[in-house]
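One letter stands for each residue in the lines below.
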Amino acid sequence: MRIARFTTGEEPAYGLVDGAGEKLAEVTGDPLYHRIELTGATYAVADVRLLAPVIPRSKIIGIGKNYVDHAKEMGGDTPPEPLMFLVPNTAVVGPGDPVVIPPQSTEVHYEGELAVVIGRMCKDVRAAEARSVIFGYTCANDVTARDLQRSDGQWSRAKGFDTFCPLGPWIETDLDPAAQHLVTRRDGEVVQDGTTGDMVFGVAELIAHASAAFTLLPGDVILTGTPAGVGPVTAGQRVDVEIGDIGVLSNPFVARS
Ligand code: MG
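Residues numbered from 1 in each chain as written. Predicted model: local features only at pLDDT ≥ 70, side-chain atom pairs only at ≥ 80, totals over all residues. Heavy atoms only, no water.

## Notes on the coordination of the magnesium ion
Coordination of the magnesium ion by the protein comes from Glu111 (OE), Glu113 (OE) and Asp142 (OD), over a distance range of 1.9 to 2.1 Å. Mapping the donors of the magnesium ion onto the primary sequence gives the spacing E-x1-E-x28-D. (Donors = N, O, S within 2.8 Å, 3.2 Å for Na, K, Ca; no water.)

## Regarding the domain arrangement of the protein
Its domain assignment divides the protein into domain 1 (2-51) and domain 2 (60-255). Of note, the centres of domain 1 and domain 2, computed from C-alpha atoms alone, are 24 Å apart. Opposite the eleven residues of domain 1 that make contact, domain 2 presents 15 residues. Across the interface of domain 1 and domain 2, roughly 1000 Å² is buried in total on both sides, 61% from carbon and sulfur atoms. The largest share of the area that domain 1 buries against domain 2 comes from Arg2, Ile3 and Leu32, three residues that together contribute 55% of it. If you look at where domain 1 meets domain 2, you find two salt bridges. There are five residue pairs in polar contact (both at pLDDT 80 or more) connecting domain 1 and domain 2. Elements that contribute at least two residues to the side of domain 1 that touches domain 2 include exactly strand E1 (2-7) and strand E5 (49-51). Per-class residue counts for the side of domain 1 that touches domain 2 are eight nonpolar, one polar and two charged. (Domains from an automatic or database assignment. Contact = heavy atoms within 4.5 Å. Buried area = accessible area lost by both parts, 1.4 Å probe. Salt bridge = Lys/Arg side-chain N within 4 Å of Asp/Glu carboxyl O. Polar contact = N/O pair within 3.5 Å; in protein donor to acceptor, adjacent residues only side chain to side chain. Helix = DSSP H or I, 4+ residues; strand = E, 2+ residues; numbered from the N terminus. Nonpolar A, V, L, I, M, F, W, Y, C, P; charged D, E, K, R; others polar.)

## Let's talk about the pairing of strand E6 (residues 60-64)
With five of five residues buried, E6 lies mostly within the body of the structure. Neither face of E6 is left uncovered, since the one carrying Ile60, Gly62 and Gly64 and the one carrying Ile61 and Ile63 both have all their residues buried. Across five bridges, E6 lies against strand E7 (residues 83-87) in antiparallel orientation. When the bridges of E7 are listed, Gly62 appears paired with Phe85. (Buried < 20%, exposed > 50% of the residue type's maximum accessible area, 1.4 Å probe, protein only. Pairing = 2+ DSSP bridges.)

## Regarding the pairing of strand E19 (residues 238-243)
Two faces, one strand: in a regular strand the side chains alternate between the faces of the sheet. As defined by bridge partners, strand E15 (residues 181-186) adjoins E19 across five bridges and the pair is classed as antiparallel. Bridge pairing links Arg186 to Val239 in E19. Taken together, the six bridges between E19 and strand E20 (residues 247-255) define a ladder with antiparallel strand orientation. Within the sheet, the bridge partner assigned to Arg238 lies in E20 and is Pro252. Where E19 folds back on E20, the antiparallel hairpin that results is connected by three residues.

## Remarks on the sheet that holds E19
If you walk across this open sheet you meet the five strands as E9-E20-E19-E15-E16, and the pairing is mixed. The strands lining the two open edges of the sheet, one partner per strand, are strand E9 (99-101) and strand E16 (189-195). Recorded for the sheet is a direction-independent mean angle of 20 degrees between the axes of neighbouring strands. Bridging between E15 and E16 involves six bridges; their strand directions are antiparallel. Of the residues in E16, the one forming a bridge with Arg186 is Glu189. (Axes fitted to C-alpha atoms, helices over the stretch in contact; angles between N-to-C directions.)

## Some thoughts on the nonpolar core
Leu24, Leu50, Tyr137, Ile207, Ile222 and Ile246 are the most contacted members of the largest nonpolar core, which totals 36 residues. Secondary-structure elements contributing two or more residues to this core are E1, strand E2 (13-17), E6, strand E11 (112-118), strand E12 (134-141), helix H4 (203-213) and E19. Broken down by element, the residue count for this core peaks at four residues, all from H4. Two domains each provide a minimum of three residues to this core, namely domain 1 (2-51) and domain 2 (60-255). Here Ile222 is in contact with Ile61, Ile63, Leu114, Ala115, Val116, Ile118, Ile207 and Ala210, once residues within four sequence places are set aside. Core analysis: the next-biggest nonpolar cluster, separate from the first, contains 20 residues, Ala52, Val54, Ala91 and Ala140 among them. (Core = buried A, V, L, I, M, F, W, Y, C linked by side-chain atoms within 4.5 Å.)

So this is what it looks like as structure tokens:
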């Protein structure tokens, strides 16, 4: 099932998207909290504005260096256990929304990633039971001011600027998180081409590790790390993150005026 958040100019609503990604059937409430009931209204996806499919109420947990080839290109090894960081929910934007490059950085990078959306409050989840707390999956771009990541020594500012966490285009509730082709394009050119099967720590282990530290709440998001091929993006360019069973998250980059 694909769940989108959208607007036709009125209050945001939720809807179920068909397999082709063309039609949308509106539902009565937020499917994270309510049983799914159709309102009867239907739309063409092309006629609505898709919004970030979830606004995390409490946190986005990022995972660093979770693909061997990416850790290598960053000049290091993969960590012995998942390396977590937090991103503020104010960084989230939706499909098609501009990512604003701030004047503080001259080296902003894209990072295409599979994002996990948590479905219920949980703590100390065992990996074997992680599936029961997952609501679904979406595409993410873990946009990073690489120069500030180096100079700050920790990652809050570099990854936490407003608009630095595009999510979308919708949440897919049924997919194999270890068998997804992940491709990132910059102005149409393939710059990352990986598979989520190459994660060092899989989704279940990430949930176990994160929930051993933090209570997870419905709508929390875990960014699972990026494969090799990260690189710069400048104002005027567009970055697409495509994940096999989800779809394409596409965002233009602009300079702050
Ligand atoms: Mg990342």
